[in-house]
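Here's the letter readout for the chains.
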Amino acid sequence: MTNHFGDMTANSKAIFCIGANSAVANPVGGMKHMLQAKDRNNAKLIVADPNFTKTAAHADLYLRQRSGTDVALIYGLIHIILKNGWEDKEFLENRTYGIEEVRKEAEHWTPELTSDVTGVPVDRLIEAANIMAHTKPGTVIWALGITQHSVGTSNTRILPILQLILGNMGKPGGGCNIIRGHDNVQGSTDMGNLSDTLPMYYGLGDASWKYYCKGWGVDYDEFIKRFAVSTKEPKQGGAPVKNTVFEEYFYHDPQNPEDRNWRNEKGWSLSKWWQGVLKEEKTFTSGKLRVLWVQGTGITSMAHLAKIQEAVDKLDMLVVAEPFVNEVAILSDRKDGIYVLPVATAFENEGHISSTNRSGQWRTKVVEPLYESKADQDVMFLFAKKFGFYDEYVKGMKMATVNHEPKQVKDDFVWPDDATNEIARMGKSIGYTGRTAEMFRRHQANWQNFDPDTLMGIGGDVKGEYYGKPWPAWDEKHPGTPILYDMSKSYAEGGCGFRNRFGLEHNGVSQLASEDTTLVGSDVKGGYPQITKENIEKVLGITLTEEEKRLMGATWSTDHSGFILEKCREKGVVPFGNARARMIVWEFLDPIPKHREPIHSPRWDLVQKYPTFDDQARNFRVETKYKSEQQAKDWSKEFPIVFSTLRLVNLSGAGMIERTSKYLAAITPEMFANVHPELALKYGIQDRDMMWIHSPQGTKIKVRCYHTQMVTPDRICMPYNFAGVMQGVSLEDRYPEGTKPYTIGESFNTVTNYGFDPVTQISEFNAGLCRIEKADGEGFNTFFHEYGENRV
């Protein structure tokens with residue numbers, strides 16, 4: 001999120017909401033801000049969604065696009081904007097790169113073609129483009145409806161490109177407000193809870209590992225011995241390397257291309273980890289996954305639940321560490337090898353979280369963990385002790401920067417303050433340096449002294465600081481950055497240009513901002529590169545001492561000494577540079593976003609014109625199909641109905657927490673699908689009948705049919721917040737005593753179609769095909785039978 005909700009309330013004149021339904025989700029507070037912007041600013045709200053949602057009901061203009069055609073839709077808008085000369089020419093000239101390539105692609109997407117591909121009428125496309133181009137500033141909002149596609153990465157690129165063309169980036173009331181969901185989704189991403197990054201978005205290269213090892217006080221050469229490299233006998237007489245965790249020996253053969261140092265490799269993704277067990281597609285590991293540890297995520301909200309069920313059956317061990325029984329624990333009927341560890345809830349923990357707008361917030365413990373439950377960190381500490389790396393695991397919390405070097409300064413740590421300060425000390429890549437435990441506690445104590453529209457502290461001990469210091473907060477004096485890329489503020493006020501990440505030039509064109517683009521108050525005029533040890537003297541016009549040179553790290557993000565940040569503050573220079581926002585990503589399969597039909601498309605004619613990607617021999621750790629799956633046959637002949645997901649206001653994720661509440665469960669006591677009456681009656685399915693939904697993967701679910709006109713006659717939509725029933729079979733007898741939720745149901749993810757984004761490997765939740773038929777018998781809802789409607 002480049003801006004924040006308060007900024008939208010105060011400043012946005014146009015709001016384009018696509019792939020998000022904030023009236024019921026992600027979080028519901030976002031809807032309040034949209035409505036306040038309409039009231040205060042007369043803001044125009046445009047909502048694009050395949051389903052007529054509760055958010056769409058508040059729209060000034062509603063665009064109903066076919067699932068999986070978001071790139072085409074946005075190109076249609078860009079075509080109209082560029083054709084009429086409505087783009088921000090000065091912004092494009094001074095602060096961006098690649099508009100000509102985008103312009104060339106957009107020429108193809110006439111309103112008529114866009115309408116044919118997306119289903120949005122021509123007049124509505126023209127009206128939407130006109131509103132966005134002439135109602136400034138305008139913001140764009142999106143959520144999972146944009147990301148959860150086989151072209152999710154392209155979707156998330158085309159929307160910022162639209163904002164660059166309109167000149168809305170780095171402006172109050174503008175930007176891209178990606179709604180990151182409920183409690184700490186942004187924070188968990190910042191902490192590297194992904195399989196392809198280290199914390200704070202550091203890559204998996206050895207430079208990053210060395211940076212962290214130094215900051216942790218751990219010897220790098222010893223540390224990397226924990227990573228297995230190969231189980232094969234060496235071909236070139238290589239010496240065995242002992243893996244100190246599992247007490248096994250592995251051989252490393254530099255001449256063997258399959259012999260890899262796994263610390264530099266992406267791990268298994270959450271979307272496709274089960275292939276590490278089932279091995280149905282070619283995988284790239286030295287053995288099978290044997291143990292799954294689930295902590296803090298709803299596995300049953302992941303795609304391909306039938307495959308997850310198969311994998312759980314074949315694991316050596318499954319560990320579930322949750323406050324409630326995560327329903328992955330009851331997928332299998334196995335009698336051993338499953339361990340459920342009760343961990344504490346948010347109310348029994350303390351520490352900081354990061355909200356969707358990058359602000360941090362301190363959360364105070366309400367009660368001590370109840371009964372036998374333990375806090376998450378205590379479970380992990382016990383694990384580290386058991387496997388012999390506890391001392392290294394906690395050492396970073398005992399360290400501080402002393403005389404510009406990381407050193408151990410005490411023999412023990414205080415949780416969570418020292419963990420928070422370790423994150424601040426190490427998280428230079430996104431500017432966590434100013435986000436200390438003392439700061440978070442001070443902000444919590446002064447909630448009443450912040451302006452909700454600007455986030456600025458207006459009195460007391462927080463005057464001049466933005467609430468929660470939205471990152472980057474470069475040092476303890478820095479106020480935080482409420483609006484990314486805002487050049488109208490100085491470095492000391494939270495201003496910055498676009499980050500220089502991709503070199504100084506491309507195809508002979510400078511990647512630095514123009515000479516006319518200078519950050520307010522900066523001693524360095526125009527664009528400049530990210531600051532490194534090699535260029536700092538030249539860029540900043542300074543001379544380093546020999547001691548500074550000796551201690552300084554290679555770049556601003558790996559400089560433990562802090563000298564680079566100190567020198568940048570003195571010159572009013574943001575350390576990550578002042579560059580152009582690139583629209584061309586030359587490392588990607590599609591340097592410019594392209595419309596590609598979903599893996600399972602209802603338009604076989606368009607599959608031929610806009611095919612998906614070539615199959616990938618290696619995506620994360622597994623081979624992944626694209627064209628071979630998409631073009632195996634015309635899937636729409638057997639599966640003619642489009643489906644997508646929806647959210648429920650009373651349930652989040654897999655719903656495993658809320659469905660244990662009698663009152664929340666009563667709002668939606670059973671799993672259902674929204675079906676247009678015309679479509680349902682075509683198959684003889686009356687309102688409230690049970691129905692089967694079949695997928696191209698050979699899976700099926702049995703759900704209640706709700707007749708509604710929120711969907712069109714060619715599509716259905718369903719929530720993904722249920723579990724406890726698997727392909728028509730109730731699993732309720734598998735719940736441990738006293739843990740069965742008040743309501744259970746089929747998981748939508750049992751019928752999610754095959755399909756994964758080539759960059760993130762996120763599943764194609766929102767653009768699949770199915771067929772439906774009437775089902776015999778009743779559903780699986782025992783809620784009212786057991787508890788009675790009158791008691792709720």
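Residues numbered from 1 in each chain as written. Predicted model: local features only at pLDDT ≥ 70, side-chain atom pairs only at ≥ 80, totals over all residues. Heavy atoms only, no water.

1. Observations regarding the overall build of the protein chain
Helix and strand content of the protein chain: 26 helices and 29 strands. Taken over the C-alpha trace, the protein chain has a radius of gyration of 27 Å; the compact-globule value for 792 residues is 28 Å, and the two agree within 12%. In the protein chain, buried positions account for 58% of the 792 residues. Look at the contacts in the protein chain between residues 6 or more apart in sequence, and 68% of them connect residues 24 or more apart. Carbon and sulfur atoms make up 51% of the accessible area of the protein chain, which totals about 32,400 Å². (Helix = DSSP H or I, 4+ residues; strand = E, 2+ residues; numbered from the N terminus. Rg over C-alpha atoms; globule rule 2.2 N^0.38 Å. Buried < 20%, exposed > 50% of the residue type's maximum accessible area, 1.4 Å probe, protein only. Contact = heavy atoms within 4.5 Å. Areas by Shrake-Rupley, 256 points an atom, 1.4 Å probe, with all protein chains shown as cover.)

2. Quick look at the environment of Asn-650
Summarising the element assignment, Asn-650 is placed in the loop between strand 21 (641-646) and helix 24 (662-667). For the pair Asn-650 and Ala-665, spaced 15 residues apart in sequence, the C-alpha to C-alpha distance is 7.8 Å. When near neighbours in sequence (up to four residues on either side) are disregarded, Asn-650 contacts Glu-658, Leu-664, Ile-667 and Thr-668. Among the polar contacts made by the side chain of Asn-650, one reaches the side chain of Thr-668 at a distance of 2.9 Å. (Polar contact = N/O pair within 3.5 Å; in protein donor to acceptor, adjacent residues only side chain to side chain.)

3. So, helix 9 (residues 152-166)
Across its 15 residues, helix 9 extends 22 Å between first and last C-alpha, which sits within 8% of the 21 Å expected from 1.5 Å per residue. Of all 15 residues making up helix 9, 13 are buried, and the element is well covered by its neighbours. Looking at the residues trailing helix 9, positive phi occurs at Gly-167, about 75°. (Expected span 1.5 Å × (residues − 1).)

4. Focus on unusual backbone geometry
Trp-415 connects to Pro-416 through a cis peptide bond whose omega is 5°. With omega at 0°, the peptide bond leading from Trp-471 into Pro-472 counts as cis. For Pro-472, the location among the structural elements is in the loop between helix 18 (437-445) and strand 16 (505-506). With phi around 55°, Asn-42 is a residue other than glycine that occupies positive phi space. Among the structural elements, Asn-42 can be located in the loop between helix 2 (29-41) and strand 2 (44-48). Using a relative accessible area of 55% as the deciding quantity, one classes Asn-42 as exposed. Backbone geometry places Arg-358, a non-glycine residue, at a positive phi of 85°.

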